[in-house]
Amino acid sequence: MSGFLLILLCLVFYGGGLVVLYKVTPLLLKRRFDDVFFMGLAAAIITGSLLAFAPVGITFAFFNSTFAARTVDVILLLGIAVVVIRMTYWCFRPSYKMEVIRLSGILAGSYYLLVLGLTVYALVLMFM
């Protein structure tokens, strides 16, 4: 597979993962944590996180960690960090218009804090 097609496919996966994170989280916050639908939505959010992080590893490995690949990966990781910080804030401090079950918000916000920690860890490892 050529490098251009790989980058294009990675960017599609990256965008899809971020869209899943952004669109599924409000649905998750309206469900109780012991609901079966909550489990399915949580699995979708985990899949979205994997889709968002996969291009970082693929481009880093495929292009032998060149400076250009590291630059692209840093930009991708900063995009993930922005979305995750927004979702974390949204989970812990929902707007007054949203009907949120508090424990579901705490669980989802805790997951997003872990994803943010992983993003920071990947950024640190990128340049060590």
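Structure's up top.
Summary of the structure given here.

Criteria and cut-off values
- Residues numbered from 1 in each chain as written.
- Predicted model: local features only at pLDDT ≥ 70, side-chain atom pairs only at ≥ 80, totals over all residues.
- Heavy atoms only, no water.
- Helix = DSSP H or I, 4+ residues; strand = E, 2+ residues; numbered from the N terminus.
- Buried < 20%, exposed > 50% of the residue type's maximum accessible area, 1.4 Å probe, protein only.
- Contact = heavy atoms within 4.5 Å.
- Areas by Shrake-Rupley, 256 points an atom, 1.4 Å probe, with all protein chains shown as cover.
- Lys, Arg positive; Asp, Glu negative; His and termini not counted.
- Charge placed at Lys NZ, Arg CZ, Asp CG, Glu CD.
- Phe/Tyr/Trp six-rings, centres within 6.5 Å; stacked < 30°, edge-to-face > 60°.
- Lys NZ or Arg CZ within 6 Å of the ring centre and 35° of its normal.

### Focus: the overall build of the chain
For step 1, the next point in the chain: Of the regular secondary structure elements, the chain holds 4 helices and 0 strands.
For step 2, the next point in the chain: When the helices and strands of the chain are placed in sequence order, the string is α-α-α-α.
For step 3, the next point in the chain: C-alpha extents for the chain along the principal axes are approximately 45 × 30 × 25 Å.
For step 4, the next point in the chain: When burial is assessed residue by residue, the chain has 34% of its 128 residues classed as buried.
For step 5, the next point in the chain: Summarising the internal contacts of the chain: among those between residues at least 6 apart in sequence, 72% fall at separations of at least 24.
For step 6, the next point in the chain: A total of about 7,700 Å² of accessible surface is found on the chain, and carbon and sulfur atoms cover 76% of it.
For step 7, the next point in the chain: Averaging the coordinates of the 9 positive side-chain charges in the chain and doing the same for the 4 negative ones gives two points 9 Å apart.

### Some thoughts on the packing of aromatic side chains
For step 1, the next point in the chain: All chains considered together, the criterion is met by 3 aromatic pairs.
For step 2, the next point in the chain: Seen in terms of ring centroids, Tyr22 and Trp90 are 6.1 Å apart; in terms of plane orientation they differ by 40°. Their pairing is tilted. Placement of the pair is Tyr22 in helix α1 (residues 3-29) and Trp90 in helix α3 (residues 67-92), with a sequence separation of 68 residues.
For step 3, the next point in the chain: Its end group placed over the ring of Trp90, Arg86 keeps NZ or CZ at 5.7 Å from the ring centre.

### Observations concerning the environment of Phe92
For step 1, the next point in the chain: Assignment of secondary structure puts Phe92 in helix α3.
For step 2, the next point in the chain: Overall, Phe92 belongs to the partly exposed group, its relative accessible area being 27%.
For step 3, the next point in the chain: C-alpha of Phe92 to C-alpha of Gly105: the two residues are 13 residues apart in sequence and 6.1 Å apart in space.
For step 4, the next point in the chain: In this view, Phe92 contacts Arg102, Gly105, Ile106, Gly109, Ser110 and Leu113; residues no more than four positions away in its chain are not counted.

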